[in-house]
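Residue strings, one per chain:
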Amino acid sequence: MFTKVDKSRSLQDKFKVAMLSMMMHADFLDDEVLVLHFVSDPGSQKLGEKILQEFLKDATFKYEVLFHDELALTHKLFPIVEAMQKHFSAGSGAYYSDAIFFLSVAMHLIMPENITRIVQLDLDLKYKTNIRDLFLEFQHFPPEAVIGITREMQPVYRHTFWQFRKENPQTKVGEPPPNGLPGVNSGVMLLDLGAMRNSVLYNQLLQPNNVAKLAEQYRFRGHLGDQDFFSMIGMEHPQLFYPLACGWNRQLCTWWRDHGYTDVFHMYYHCEGPVYIYHGNCNTPIPND
Ligand code: UDP
Ligand code: MN
């Protein structure tokens with residue numbers, strides 16, 4: 001997602017960190033092409049095209065850059081995700097413009113059939129390794145998995161599932177790793193569009209009546225868009241998700257540590273093993289190591 005970037009110095013800085021670190025580590029085989037997709041508005045696209053020329057000029061591999069118009073995608077997306085918006089959006093209504101926050105959920109229906117895999121990445125990332133290695137993770141998907149994703153590293157779903165947890169004191173929902181179900185974070189996502197198209201279960205879960213049923217069952221009301229939808233269906237159907245190692249999306253935000261969850265925070269935040277991608281979520285600075 002690459003919108004309102006021309007209006008925000010902060011997003012421009014994040015974009016530079018992300019692109020420069022990605023390019024510094026990127027390496028591909030001769031017959032491979034890195035295809036970068038940006039969902040953008042006209043002002044951001046203009047700026048993006050200019051900055052990218054500079055950042056990509058020394059690339060040692062083949063690449064393509066494609067811009068998608070945010071409004072055109074929203075127009076396709078809205079009828080598919082309208083019904084789920086009221087469960088997972090801020091505010092009470094299903095605002096047309098908020099549909100774009102659910103793009104990943106219906107990416108398999110929005111992108112042309114010839115695109116069978118796509119990695120969706122936030123802008124507030126810093127790459128410590130070759131982005132090609134992330135694509136290789138697709139090879140480890142078990143048969144039923146449609147999306148590869150890292151767990152959420154704050155107790156946000158311990159909070160959101162509060163009522164369900166009260167009514168089900170033995171539940172793993174919202175509990176910390178390694179045995180609990182802490183939910184997922186949408187900053188780094190491997191979308192196997194082919195598998196998403198072929199999965200009967202996944203497409204059933206997109207149906208408005210099934211979204212409502214699960215939201216009722218889990219007493220769920222969120223405001224984080226696609227991430228809430230994936231976290232909720234993952235509680236019921238974990239086999240749809242391939243759990244990426246925490247180092248692929250090492251989130252740095254500590255907001256929930258200081259908002260009622262000091263005692264349990266560390267169990268969620270802890271991430272062992274190498275960091276491949278830092279995620280400076282909630283505007284958290286990324287270390288310079
Ligand atoms: N984004 C954007 N324009 C905006 C805000 C967000 O394009 O004005 C995109 C960008 O790709 C960003 C992603 O939406 O990385 C998610 O937002 P953010 O990373 O700020 O959320 P956080 O990870 O802090 O929850
Ligand atoms: Mn982010």
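In what follows, the structure referred to is the one given above.
Okay, so let's go over this structure. (Residues numbered from 1 in each chain as written. Chains lettered and ligands numbered in written order. Predicted model: local features only at pLDDT ≥ 70, side-chain atom pairs only at ≥ 80, totals over all residues. Heavy atoms only, no water.)

### A word on the side chain of Gln85
So, step 1. Relative to the helices and strands, Gln85 is located in helix α3 (residues 70-88).
So, step 2. Those residues in contact with Gln85 that sit more than four places away from it in its chain are Phe78, Ala94, Tyr95, Asp98, Ala99 and Phe102. (Helix = DSSP H or I, 4+ residues; strand = E, 2+ residues; numbered from the N terminus. Contact = heavy atoms within 4.5 Å.)

### Observations regarding the sheet that holds strand β7 (residues 241-243)
So, step 1. In spatial order, the strands read β3-β6-β5-β7; together these four strands make up an open sheet with mixed pairing. Strands at the two margins of the open sheet, each flanked by one partner only, are β3 (118-121) and β7. The sheet shows a mean angle of 30° between the axes of neighbouring strands, direction not considered.
So, step 2. With four bridges connecting them, β3 and strand β6 (residues 184-191) associate as antiparallel partners. Considered in β6, the bridge of Ile118 is made with Leu191. (Pairing = 2+ DSSP bridges. Axes fitted to C-alpha atoms, helices over the stretch in contact; angles between N-to-C directions.)

### A look at the site of ligand 1
So, step 1. Looking at ligand 1, the residues that line it are Met1, Phe2, Thr3, Lys4, Leu11, Asp122, Leu123, Asp124, His279, Asn281 and Cys282.
So, step 2. Between ligand 1 and Met1 there is a distance of 2.7 Å, counted from an oxygen atom to a backbone nitrogen or oxygen.
So, step 3. Taking Asp124, its side chain carries an N or O atom lying 2.9 Å from an oxygen atom of ligand 1.
So, step 4. Protein coverage of the free-state accessible area of ligand 1, which is 520 Å², stands at 65%. (Near = heavy atom within 4 Å. Polar contact = N/O pair within 3.5 Å; in protein donor to acceptor, adjacent residues only side chain to side chain. Areas by Shrake-Rupley, 256 points an atom, 1.4 Å probe, with all protein chains shown as cover.)

### Quick notes on the coordination of the manganese ion (ligand 2)
So, step 1. The protein atoms donating to the manganese ion (ligand 2) are Asp122 (OD), Asp124 (OD), Asp124 (OD) and His279 (NE2), with metal-donor distances spanning 2.1 to 2.3 Å.
So, step 2. Angles of 57 to 173° at the metal separate the six donor atoms of the manganese ion (ligand 2), which places the site in the irregular class.
So, step 3. Within one chain, the residues serving as donors to the manganese ion (ligand 2) are arranged as D-x1-D-x154-H. With a gap of 157 residues between them, Asp122 in the loop between β3 and β4 (125-127) and His279 in strand β9 (residues 277-279) connect regions that are remote in the sequence.
So, step 4. On the basis of relative accessible area, His279 is assigned to the buried category, the value being 2%. (Donors = N, O, S within 2.8 Å, 3.2 Å for Na, K, Ca; no water. Tetrahedral: all angles 85-135°; square planar, octahedral: opposite > 155°, others 65-115°. Buried < 20%, exposed > 50% of the residue type's maximum accessible area, 1.4 Å probe, protein only.)

### Looking at helix α10 (residues 208-217)
So, step 1. Among the residues of α10, those classed as buried are Asn210, Val211, Leu214 and Ala215. Buried residues along α10 cover an arc of 135° about the axis, so they all sit on one side. Relative to its buried face, α10 has exposed residues pointing more than 90 degrees away, namely Asn209, Lys213 and Glu216.
So, step 2. On its buried side, α10 packs onto α3, α9 (200-205) and α11 (226-236).
So, step 3. A positive phi of about 50° marks Arg219, the residue just after α10. (Arc of directions from axis to C-beta.)

### Some words on the side chain of Asn281
So, step 1. Here Asn281 is to be found in the segment after β9.
So, step 2. Looking at Asn281, the relative accessible area reads 11%, which means it is buried.
So, step 3. A distance of 3.1 Å separates a polar atom in the side chain of Asn281 from the backbone nitrogen of Leu252.
So, step 4. Here the side chain of Asn281 touches Cys253 through a polar contact of 2.9 Å, landing on its backbone nitrogen.
So, step 5. Among residues more than four places away in sequence, those in contact with Asn281 are Asp124, Asn185, Gln251, Leu252 and Cys253.

### Notes on the layout of surface pockets
So, step 1. What the largest pocket holds in volume is close to 1,400 Å³.
So, step 2. If you go around the largest pocket, you meet 45 residues; those closest to its centre are Phe101, Asp122, Asp124, Ser186 and Leu224.
So, step 3. If you tally residues by element for the lining of the largest pocket, the top one is β6, at four residues.
So, step 4. Split by residue class, the lining of the largest pocket holds 17 nonpolar, 18 polar and 10 charged.
So, step 5. Approximately 820 Å³ is the volume attributed to the second largest pocket.
So, step 6. Considering the residues around the second largest pocket, the lining is formed by 34 residues, among which Val35, His37, Ile118, Val119 and Phe135 are closest to the centre. (1 Å grid on protein atoms, 1.4 Å probe; cavity = no way out; pocket = protein on both sides within 12 Å on 5 of 7 lines; lining within 4 Å. Points joined across faces, edges and corners; volume = space filled by probe spheres on them. Nonpolar A, V, L, I, M, F, W, Y, C, P; charged D, E, K, R; others polar.)

### Notes on the state of the cysteines
So, step 1. Evaluation of the coordinates by the stated rule reveals two disulfides.
So, step 2. Note on cysteine connectivity: Cys246 is disulfide-linked to Cys271, with sulfurs 2.1 Å apart. With the S-S dihedral at roughly 90°, the linkage between Cys246 and Cys271 falls on the right-handed side. Of this pair, Cys246 sits in the loop between β7 and β8 (250-251) while Cys271 sits in the loop between α12 (265-269) and β9, and the two are 25 residues apart along the sequence. Residue Cys246 shares its accessibility class with Cys271, and that shared class is buried.
So, step 3. Note on cysteine connectivity: Cys253 is disulfide-linked to Cys282, with sulfurs 2.1 Å apart. The chirality of the disulfide connecting Cys253 with Cys282 is right-handed, given an S-S dihedral of about 100°. Remark: Cys282 occurs in the segment after β9 and Cys253 occurs in the loop between β8 and α12; sequence separation between them is 29 residues.
So, step 4. Classification of Cys282 as partly exposed rests on a relative accessible area of 44%.
So, step 5. Taking only the cysteines that form disulfides and numbering them from first to last, the protein has the pattern 1-3, 2-4. (Disulfide = S-S within 2.5 Å.)

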